Amino acid sequence: MFYIDGMKIRDEYGRERIFRGINICLKFEEMGITEFHKAEKELKKGLKNALEYGANIVRLGFNWAMLEPEENVYDEKILKMLKDFVQELKDNNIYVLLDMHQDLFFKNVNVGDGAPKWLTEDYKKLKPVAIWAEGYFYMRDVQRAFNDFWQNKNGMQDRFVKLWQMVTDEFSEYDNVIAYDYFNEPQINDNSNKAFCSLVDNALMQGLGVKFNAEKYFKNGQERRGFVRMALAIVRKVRSPKRLKAFLNTMDSYDLFGKAVSDIEKYVAPFSEKYYQPFFDNISSKCDDGRHLHFFEHCYYSNLGVPFEIKTRENYIYSPHAYDIFIDSPLYNNYSSNERIKFIFDGIRKNQIKMNVPVVMGEWGGGAVGNEWVSHIDYIYSLIEENHWSSIYWGFRENHKFLKTIIRPYPVAVCGDIESIKSDSEKRTFELTYTCNDTSYNTEIFIPERGIVTFKNKIGKNVIFLEY
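Visitor: Sorry if this is basic, but what is going on with the overall build of the chain here?
Guide: In terms of helices and strands, the chain carries 16 helices and 21 strands. Compactness check: the chain gives a C-alpha radius of gyration of 22 Å against a globular reference of 23 Å for 468 residues, within 12% of the reference. The buried share of the chain, reckoned over its 468 residues, is 58%. A separation threshold of at least 6 residues defines the contact pool for the chain, and within that pool the share at least 24 residues apart is 71%. In the structure as shown, the chain presents an accessible area of about 20000 Å², 48% of it carried by carbon and sulfur atoms. Computed over 62 positive and 67 negative side-chain charges, the inter-centroid distance for the chain is 8 Å.

Visitor: I keep staring at the pattern of salt bridges and nothing clicks. Help me out?
Guide: Two side chains carrying opposite charge are able to pair once their charged atoms lie near each other. What the rule picks out here adds up to 28 salt bridges. Among the ionic pairs, E444 bridges to R15, the shortest N-O distance being 3.5 Å. Separated by 429 residues along the polypeptide, E444 in strand β19 (residues 443–447) and R15 in the loop between β2 (8–11) and β3 (16–17) bring together distant segments of the chain. Both residues of the pair, E444 and R15, belong to the buried class. In this structure, the salt-bridge partner of D99 is R59, at a minimum N-O distance of 3.2 Å. Remark: R59 occurs in strand β5 (residues 57–62) and D99 occurs in strand β6 (residues 95–100); sequence separation between them is 40 residues. A residue is classified by how much of its surface remains accessible, and D99, at 0% relative accessible area, is buried. Among the ionic contacts, a cluster of salt bridges with common partners joins R59, D99, D181, E297 and E363.

Visitor: What am I meant to see in a nonpolar patch on the surface here?
Guide: On the surface, a nonpolar cluster with roughly 220 Å² of combined accessible area is contributed by V129, V228 and L232. The exposure class assigned to V129 is partly exposed, which follows from its relative accessible area of 38%.

Visitor: Can you walk me through the packing of aromatic side chains in this structure?
Guide: The relation between two aromatic rings is expressed through the spacing of the ring centres and the mutual angle of the planes. In the structure shown here, the tally under the stated rule is 55 aromatic pairs. With a centroid separation of 6.0 Å and an interplanar angle of 15°, the aromatic rings of Y138 and F218 are classed as stacked. On the criterion of sequence distance, the pair formed by Y138 in helix α5 (residues 134–138) and F218 in the loop between α8 (192–208) and α9 (224–238) is long-range, its members being 80 residues apart. For the pair formed by Y138 and F218, the shared burial category is buried. Ring centres of F149 and F160 lie 5.3 Å apart, and the angle between their planes is 85°; on these two criteria the pair is classed as edge-to-face. Taken together, the residues F149 in helix α6 (residues 140–150) and F160 in helix α7 (residues 156–170) connect sequence positions 11 residues apart. A relative accessible area of 0% places F149 in the buried class. By relative accessible area, F160 is classed as buried at 3%. The ring of Y381 has R408 lying over it, and the distance from NZ or CZ to the ring centre is 4.2 Å.

Visitor: Would you mind showing me how to read the sheet that holds strand β4 (residues 20–25) here?
Guide: Each strand in a sheet pairs with its neighbour through backbone hydrogen bonds, running either in the same direction (parallel) or in the opposite one (antiparallel). Strand order in the open sheet formed by 8 strands is β11-β10-β9-β6-β5-β4-β15-β13, and the pairing between neighbours is parallel. Of all strands in the sheet, those with a lone pairing partner are β11 (316–318) and β13 (360–361), marking the two edges. Relative to β11, strand β10 (residues 293–296) runs parallel, the two sharing 3 bridges. Across the sheet, the residue bridging to H294 is Y316, located in β11. Contacts from helix α1 (residues 33–53) reach β4, β5 and β15 (390–393), with the element oriented near 170° to β4.

Visitor: I would appreciate a short explanation of the environment of E170 in the present structure.
Guide: In this fold, E170 is placed in helix α7. Sequence separation between E170 and K83 is 87 residues; the distance between their C-alpha atoms is 8.3 Å. Once residues within four sequence positions are removed from consideration, E170 is found in contact with L79 and K83. Of the polar contacts made by the side chain of E170, one reaches the side chain of K83; its length is 2.7 Å.

Visitor: What exactly am I supposed to notice about α6 here?
Guide: Owing to its 3.6 residues per turn, the α-helix brings residues three or four apart onto one side. Across the 11 residues that make up α6, a large majority, 9, are buried. Taken together, the buried positions of α6 are D141, V142, Q143, A145, F146, N147, D148, F149 and W150. Residue N152 follows α6 closely and has a positive phi angle near 55°.

About the cut-offs
Residues numbered from 1 in each chain as written. Predicted model: local features only at pLDDT ≥ 70, side-chain atom pairs only at ≥ 80, totals over all residues. Heavy atoms only, no water. Helix = DSSP H or I, 4+ residues; strand = E, 2+ residues; numbered from the N terminus. Rg over C-alpha atoms; globule rule 2.2 N^0.38 Å. Buried < 20%, exposed > 50% of the residue type's maximum accessible area, 1.4 Å probe, protein only. Contact = heavy atoms within 4.5 Å. Areas by Shrake-Rupley, 256 points an atom, 1.4 Å probe, with all protein chains shown as cover. Lys, Arg positive; Asp, Glu negative; His and termini not counted. Charge placed at Lys NZ, Arg CZ, Asp CG, Glu CD. Salt bridge = Lys/Arg side-chain N within 4 Å of Asp/Glu carboxyl O. Patch = residues over 30% accessible without salt bridge, like charges linked within 9 Å, V, L, I, M, F, W, Y side chains within 5 Å. Phe/Tyr/Trp six-rings, centres within 6.5 Å; stacked < 30°, edge-to-face > 60°. Lys NZ or Arg CZ within 6 Å of the ring centre and 35° of its normal. Pairing = 2+ DSSP bridges. Axes fitted to C-alpha atoms, helices over the stretch in contact; angles between N-to-C directions. Polar contact = N/O pair within 3.5 Å; in protein donor to acceptor, adjacent residues only side chain to side chain.

See below:
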């Protein structure tokens, strides 16, 4: 149905394709009656949002714990619910990317999801101090879980591949399932705390000109206590609201933010080569039927724009995630930064060019209390258009200003090669420029409140301008 042409995705008619979608992700460890009804409500709401957005793809997320609550025992009721939903998406002409989701690899007190209890009961659970992602930064057993996975301890990775083979078999009859996203935000092996500490040290140096040694707070096995002590030490360095504001404004700099994350690459590169590359080649080969696309993500720390690269094969698609560093925090509304996100997107573009593959942004966006963040989303959308990328939004929400910004036209299928995509959510205008060498098939554009509209082409340069 679809094939890769360098950094473009094309359909059977040779048209360049753009996918725009939303994430619908079920994160349950146990699926009793209450959880099952919650999941059904999430799917129903997700479909409504997808149709409102004009989505032509849904990244449908679920986790290992849901599917295999007991070793070698798969939950048929969950599989049926997911398959019924995939059929409902098919009935609405929406493609599906299956996503095996995880955050922190396992349920960690009240946050995290992924692998089932029977596989993770040996890992110590710690409640985070402030945000859910802390486990990546200092929790030793979160790191140990990832290390065990990448090293295939006790056949953990083999079990995961077997699970995916079951999933691909179960969904083989649904031709709207076009791709697999095998592992959400893979975390690096061994050095997650070192990467985090280097980020803290460099950020304080670049933002305030002060030396800091974050790593010392985690010595002697300290975890939550070390994180709290480090946070208090940072507060003492900042000293005042004025200096905090100065720090935040400084870290808004494209160049200074780049320097803050610069040391992390030395941890990402060996992980990608030694652990992630063989894992992805293995699982994609064993789940390959010649019909589906294989989505690979960069590691969790490359969400910050840190360079990432693997050797790609036919039907590999790069599916990066990108968020401002203040996502999931109260600072996101007022301090999300266009300069920082531009650095991150430029990094993704460099990764794409190195690997010569298409990009489908697997996650981007966010949200917060207030409305200031919406202009940041508008800016990110312009970057996606500038790079001609497909994208899948995370955090779709019912907010009038957000909906006005995000629901806009996009090219679904372009008969030729896209040169530029430009839309303006305030002026309500859209412009597509492309070159065409074959007029056998129409170009298709989604237009809000009109649906997909077809346009005839001419040989050479084409410009489609519309108001919506």
